[in-house]
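The lines below spell out each chain.
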Amino acid sequence: QVQLVESGGGLVQAGGSLRLSCAASEGNIGSYAMGWFRQAPGKGRNFVAAISRSGTRYADSVKGRFTISRDNAKNTVYLQMNSLKPEDTAVYYCAGRVLSISVYESMYEYWGQGTQVTVSS
């Protein structure tokens, strides 16, 4: 059973940056597709970015601003968020699944508890 723990959230002004981390307690994240999703207040959980052996994928709303990466030696996935906007405010979740990237949250088997990101205007 893979357990995921996110960290790095916080309060930042618009235009600022944050880096989220997702550490896996077991398993080898190099063999999984790892994704980030976010849920704004009163809304559903939406795809942000994902990474696998085949490459990366991003939601249109974050392309050019966010970068997903991973360090297999540390068993950790990162989400570097630059040029943050108030509309990026949400709880950010890390997720993992076997094999390929998916943009659908229902396709992911493993989830972290989430970390809050708040962007002030």
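Our structure's up above, just so we're on the same page.
Residues numbered from 1 in each chain as written. Predicted model: local features only at pLDDT ≥ 70, side-chain atom pairs only at ≥ 80, totals over all residues. Heavy atoms only, no water.

A.B. asks: Help me out: how do you make sense of the sheet that holds strand β8 (residues 76-81) in this one?
C.D. replies: Pairing between the strands of a sheet is mediated by backbone hydrogen bonds and can be parallel or antiparallel. The four strands are arranged β1-β3-β8-β7 in an open sheet whose pairing can be described as antiparallel. Only two strands of the sheet have a single partner each, and these edge strands are β1 (4-7) and β7 (66-71). For this sheet, the mean inter-axis angle between neighbouring strands, taken without regard to orientation, is 15°. Relative to strand β3 (residues 18-24), β1 runs antiparallel, the two sharing four bridges. Bridging across to β3, E6 finds its partner in C22. (Pairing = 2+ DSSP bridges. Helix = DSSP H or I, 4+ residues; strand = E, 2+ residues; numbered from the N terminus. Axes fitted to C-alpha atoms, helices over the stretch in contact; angles between N-to-C directions.)

A.B. asks: Just to check I follow, could you spell out empty space enclosed by the protein for this structure?
C.D. replies: A water-sized probe rolled over the atoms picks out the places where empty space is left. All told, the structure shown has one cavity of 30 Å³ or more when counted by the stated rule. Here the residues of the lining of the largest cavity sort into six nonpolar, three polar and one charged. (1 Å grid on protein atoms, 1.4 Å probe; cavity = no way out; pocket = protein on both sides within 12 Å on 5 of 7 lines; lining within 4 Å. Points joined across faces, edges and corners; volume = space filled by probe spheres on them. Nonpolar A, V, L, I, M, F, W, Y, C, P; charged D, E, K, R; others polar.)

A.B. asks: What's the story with the packing of aromatic side chains in this structure? I'm lost.
C.D. replies: Aromatic rings considered in pairs are described by the distance between their centres and by the relative angle of their planes. According to the stated counting rule, one finds six aromatic pairs in the structure shown. Summarising the aromatic geometry, the rings of F37 and Y108 are spaced 5.2 Å apart at their centres and angled 75° between planes, so their arrangement reads as edge-to-face. With F37 in strand β4 (residues 32-39) and Y108 in the loop between β9 (90-98) and β10 (110-111), the pair connects residues that are 71 residues apart, well separated along the chain. Classification of F37 as buried rests on a relative accessible area of 1%. With a relative accessible area of 5%, Y108 lands in the buried category. Ring centres of Y108 and W111 lie 6.2 Å apart, and the angle between their planes is 65°; on these two criteria the pair is classed as edge-to-face. A relative accessible area of 24% places W111 in the partly exposed class. Linked through ring pairs, F37, F47, Y93, Y108 and W111 together constitute an aromatic cluster. Sitting above the plane of the Y93 ring, R45 keeps its charged end 4.5 Å from the centroid. The ring of W111 has R45 lying over it, and the distance from NZ or CZ to the ring centre is 3.9 Å. (Phe/Tyr/Trp six-rings, centres within 6.5 Å; stacked < 30°, edge-to-face > 60°. Buried < 20%, exposed > 50% of the residue type's maximum accessible area, 1.4 Å probe, protein only. Lys NZ or Arg CZ within 6 Å of the ring centre and 35° of its normal.)

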